[in-house]
Amino acid sequence: MIPYGRQDITQTDIDAVVEVLQSDFLTQGPMVPRFEGSVAEHVGARHALAVNSATSALHIACLALGLGVGDWLWTSPVTFVASANCGLYCGAQVDFVDIDPITYNLCPKALASKLEIAEREGRLPKVLVPVHLCGQPCDMQAIHELAQRYGFKIIEDASHAIGGKYKGEFIGNCRYSDITVFSFHPVKIVTTAEGGMATTNDDQLAAQMALLRSHGITRDPSLMTHASDGPWYYQQVELGLNYRMTELQAALGVSQMTRLDNYVERRHLLARRYDEKLKDFPLVTPWQHPDGYSGLHLYVVRVQLEKVRKSHREVFEFLREQGIGVNLHYIPVHTQPYYQRLGFEVGDFPQAESYYREAISLPMFQTMTMEQQDRVIDAVKRALQS
Ligand SMILES: *Cc1c(COP(=O)(O)O)cnc(C)c1O
């Protein structure tokens, strides 16, 4: 099976992890700060906080921004459930903004009209989570302008987008947001097995997230309520969690980061080949906004069902039978049973649902060979023919 995504692990990565295993620190040593430094420097952010997943990063980002009971978090319905669940973890309510039918990202026009209504009804969101789907950046300038006007905070979910750019600058520099979150799950562009990162330029948010990822405990005298009792002393000043990344993961991350630019270039090469070879097929290939340089975590095509004799599901199953590990990103979150129980209904976000009826993620990973890609293209051709 040619998978839709796969990690690239080199001997250098393995050596880096083994070296940590033989060192004094398996956790809370020097590698985590080194990994944070390498991500902060690469994306151009003042702070980077490593955690054990992007889900954890989203959670502490929401907590640091003060999201709580009585507040609203809005996100895109076409995302992994974690982009929405982080709001519920904090006791807030979640709502969605439908996607743009061309970019598949949260639509700024739909956002503007929903905000107008929410303002009249006194239920403006406190936090918005725009998701850079497939690695393509959202229209952050428009979203940021709306944030200024309506007073909400922005957490970019850049789980798909490390190494990508918006208006010539790396995603994660937080020029248009408060916090950006990355995922290092093995299907993503850079991996630490499990892992995540939150970047920010705000010193207070960084300090708060640092506390929250480790029990709310501090050894910094300036954060304590009274003078230290002695060298053993620490204080718990917040209710935090244990979301720490291990040294093994961070060592893998440091090693992987040295290849990030090559990874994204390789993904662009593969995407251009797909674009070229699929262009006469009854498919919509991904449209790339000129303001963005996608991280290209995913390559999603939409089947033009009116031109094909098979159903979407039949095309998908045919490809799986041919050994092509296609996938579907994502089932709209508001149609999940848990969200249906919260009151969402099928039909609430028609663009997201219409995308779901046609989308297929084709294999896209940095170590995919051109021969493998040609096998995918040939199988897609046969899937759409008969
Ligand atoms: C993968 C992913 C997450 C969650 O990442 P984890 O590191 O697995 O917690 C969140 N949002 C999006 C858009 C993702 O793709």
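In this text the structure is predicted, and so the values were computed from the model without any measurement.

Q: Is there a simple way to explain unusual backbone geometry in this structure?
A: Across the chain, the bulk of peptide bonds are trans and the bulk of non-glycine residues have phi less than zero. Residues His-329 and Tyr-330 are joined by a peptide bond in cis, for which omega reads 5°. Note on placement: Tyr-330 falls in the loop between helix H10 (312-321) and helix H11 (337-341). Look at Tyr-104: it is not a glycine, yet its phi comes out positive at around 70°. Secondary-structure assignment places Tyr-104 in the loop between strand S3 (93-96) and helix H5 (108-121). The buried category is assigned to Tyr-104, whose relative accessible area is 5%. The phi dihedral of Ala-193 falls on the positive side, at around 75°, and the residue is not glycine.

Q: Can you help me understand the environment of Ala-64 in this one?
A: The topology assignment puts Ala-64 in helix H3 (residues 54-64). Residues Ala-64 and Arg-120 lie 56 residues apart in sequence; the distance between their C-alpha atoms is 27 Å. If sequence neighbours within four positions are ignored, Ala-64 has contacts with Leu-205, Gln-208, Met-209 and Leu-212.

Q: Help me out: how do you make sense of the sheet that holds strand S1 (residues 47-51) in this one?
A: Strands in a sheet are paired, the pairing made by backbone hydrogen bonds, and the direction either parallel or antiparallel. Reading across from one edge, S1-S9-S8-S5-S4-S2-S3 is the order of the 7 strands in this open sheet, with mixed pairing throughout. Each edge of the sheet is formed by a strand with only one pairing partner; in this case those strands are S1 and S3. With strand direction ignored, the average angle separating the axes of adjacent strands in the sheet is 20°. With 2 bridges connecting them, strand S4 (residues 127-129) and strand S5 (residues 153-157) associate as parallel partners. Considered in S5, the bridge of Val-127 is made with Lys-153. Contacting strand S2 (72-75), S3, S4 and S5, helix H4 (residues 82-89) crosses the sheet at an angle of about 180° to S2. Along the sheet, helix H6 (residues 140-150) makes contact with S4 and S5, crossing S5 at roughly 155°.

Q: Teacher, can you tell me more about the domain arrangement of the protein here?
A: By a widespread convention, an interface's size corresponds to the accessible area lost as its parts come together. Split by domain assignment, the protein resolves into domain 1 (2-257) and domain 2 (260-385). One C-alpha centre belongs to domain 1, the other to domain 2; they are set 25 Å apart. Residue-level contacts link 46 residues of domain 1 with 50 residues of domain 2. Summing both partners gives a buried area of about 4100 Å² for domain 1 against domain 2, and 62% of it is carried by carbon and sulfur. At the boundary of domain 1 with domain 2, the tally comes to 1 salt bridge. Here Asp-291 makes a salt bridge to Lys-167, at a shortest N to O gap of 3.2 Å. Counting across the interface, domain 1 meets domain 2 through 27 residue pairs in polar contact (both at pLDDT 80 or more). Breaking the side of domain 1 that touches domain 2 down by element, the ones donating at least two residues are H4, S3, strand S6 (165-166) and helix H8 (247-257). Across the side of domain 1 that touches domain 2, the residue classes break down as 27 nonpolar, 11 polar and 8 charged.

Q: Would you mind showing me how to read the pairing of S2 here?
A: Within a regular strand, side chains alternate between the sheet's two faces. Side chains Trp-72 and Trp-74 of S2 all project onto a buried face; the interleaved residues Leu-73 and Thr-75 project onto the opposite face, where all are buried too. Summarising the sheet, S2 and S4 pair through 3 bridges and their orientation is parallel. Its bridge partner being in S4, Trp-74 is matched across the sheet by Leu-128.

Q: In this structure, what is going on with the nonpolar core? I would like to understand it.
A: As a rule of thumb, soluble globular proteins bury nonpolar side chains together. In terms of nonpolar packing, the biggest core is built from 78 residues, with Ile-155, Ile-179, Tyr-274, Leu-278, Leu-362 and Val-380 touching the most fellow members. No other element matches H3, which puts 7 residues into this core. Excluding residues that lie within four positions of it along the chain, Val-380 makes contacts with Leu-278, Phe-281, Leu-283, Leu-319 and Leu-362. With 45 residues, the next largest nonpolar core counts Ala-16, Val-32, Phe-152 and Ile-189 among its residues.

Q: What's the story with the site of the ligand in this structure? I'm lost.
A: Taken together, the neighbourhood of the ligand is formed by 15 residues, with Thr-55, Asp-157, His-160, Ser-183 and Lys-188 sitting nearest. At 3.0 Å from an oxygen atom of the ligand is found a side-chain nitrogen or oxygen belonging to Tyr-330. Starting from 380 Å² of accessible surface for the ligand in isolation, the protein chains cover 93%. At the level of secondary structure, the elements contributing two or more residues to the shell around the ligand comprise H3 and H4. When the residues that make up the shell around the ligand are grouped by side-chain class, the tally is 5 nonpolar, 8 polar and 2 charged.

Conventions we followed
Residues numbered from 1 in each chain as written. Predicted model: local features only at pLDDT ≥ 70, side-chain atom pairs only at ≥ 80, totals over all residues. Heavy atoms only, no water. Helix = DSSP H or I, 4+ residues; strand = E, 2+ residues; numbered from the N terminus. Buried < 20%, exposed > 50% of the residue type's maximum accessible area, 1.4 Å probe, protein only. Contact = heavy atoms within 4.5 Å. Pairing = 2+ DSSP bridges. Axes fitted to C-alpha atoms, helices over the stretch in contact; angles between N-to-C directions. Domains from an automatic or database assignment. Buried area = accessible area lost by both parts, 1.4 Å probe. Salt bridge = Lys/Arg side-chain N within 4 Å of Asp/Glu carboxyl O. Polar contact = N/O pair within 3.5 Å; in protein donor to acceptor, adjacent residues only side chain to side chain. Nonpolar A, V, L, I, M, F, W, Y, C, P; charged D, E, K, R; others polar. Core = buried A, V, L, I, M, F, W, Y, C linked by side-chain atoms within 4.5 Å. Near = heavy atom within 4 Å. Areas by Shrake-Rupley, 256 points an atom, 1.4 Å probe, with all protein chains shown as cover.

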